Amino acid sequence: MVMLDVLYHLATETAVHINYVAVKFTIIYLTLFLVTYWVGKSWNDAVFATIAGPVLFYIYYVFADPTINRDVFKIDDSFGYIFLHIAVFALSYAVVRNLIDHRAQGQRGLAVGKAFAFAFAVFGLDAAYQMLKVQLATHDEEIVARVMSVDTSLYIVLSLLLVGFLLYNYVSNIKIQSAALVLSAVLLIWLIGMHGVRAFVGLASAGIPVGLIYLYTRER
Amino acid sequence: MNKKLITAIVLGIVGIVFTFTPYKMLTRTLHLGLGLRHNDHIMIGIIALTIAVVAVYALINRK
């Protein structure tokens, strides 16, 4: 959800600010985890979680002090962004729920869901590495807010979506599929990002989502 | 007493105090600043509020 939102922000030249991304991730994760753990994952729970998370996050925006210059950076702190956050949260919720409760969909539908989860998780971990690296090196949030660009992000997400779908749909051997997913993600990050260390970190950025997706879907 | 009810009440109060109380009142009058910045107080408050809100939802949806 957070990375879909990040893509929208990059496309509309709204700052991708590491502190707010971290806060957003924490609140959304906490809301989703607690609703699923304490209540369940029905239609009503989905509606509650997708509305409560963005509203609580908006309260944070309203009461917290700005940490970057609002004259230079546009931030997603207006009321209307609640609806965008609800929409991307609902979309992500639906995809992941279909992935876990996969009775109704076929092989191709499952491959699309897995590719979606894989691409956005790799993109998120790769973005976290990039922003954290600059944050730790400079301690300047305004420099960090300029780290990501829409074109490279789109190249990475779309290519990972394609590779993910092809490998999840056509390769049935789990070991070969997992190795190919991780290696292709590393190669794509290296080719698009043109950075060796970032590509090396991609081993973890891709390995973690591939492992988690396998663990959650292996009973099928 | 139900654990979720206690969670909702306690964290609801903590969340409201840390999120909505002005910084000076929290640090000087109430002495609850804990040496933290304003945004850290808001973060603590929002996390507490999130847990409290979901606890209330869980209480309403008790099966």
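Residues numbered from 1 in each chain as written. Chains lettered and ligands numbered in written order. Predicted model: local features only at pLDDT ≥ 70, side-chain atom pairs only at ≥ 80, totals over all residues. Heavy atoms only, no water.

The interface of chain B with chain A comprises 20 residues on the first partner and 19 residues on the second. When chain B packs against chain A, the two sides together hide about 1,900 Å² of surface, and 79% of this comes from carbon and sulfur. If you sort the residues of chain B by the area they bury against chain A, B:Asn39, B:Val54 and B:Tyr57 come out on top, with a joint share of 30%. Across the chain B-chain A interface, the total number found is zero salt bridges. At the level of secondary structure, the elements contributing two or more residues to the side of chain B that touches chain A comprise α1 (3-20) and α3 (38-60) of chain B. (Contact = heavy atoms within 4.5 Å. Buried area = accessible area lost by both parts, 1.4 Å probe. Salt bridge = Lys/Arg side-chain N within 4 Å of Asp/Glu carboxyl O. Helix = DSSP H or I, 4+ residues; strand = E, 2+ residues; numbered from the N terminus.)

On to the packing of helix α5 (residues 107-138) of chain A against helix α9 (residues 196-217) of chain A. The description of two helices packed together rests on the angle between their axes and the distance between the axes. Residues and elements named next belong to chain A. Packing of α5 against α9 brings their axes to within 9 Å, and their N-to-C directions diverge by 145 degrees. The element α5 and its partner α9 pack so that their crossing is right-handed. In this structure, α5 contributes Lys114, Ala117, Phe118, Ala121, Val122, Leu125, Asp126, Tyr129 and Gln130 to the contact, and α9 contributes Val197, Arg198, Val201, Ser205, Ala206, Ile208, Pro209, Val210, Ile213 and Thr217. When the residues that make up the contact of α5 with α9 are grouped by side-chain class, the tally is 13 nonpolar, three polar and three charged. (Axes fitted to C-alpha atoms, helices over the stretch in contact; angles between N-to-C directions. Left-handed = near helix turned anticlockwise from the far one by under 90°. Nonpolar A, V, L, I, M, F, W, Y, C, P; charged D, E, K, R; others polar.)

The quantities given are spatial measurements derived from coordinates; they are silent on function.
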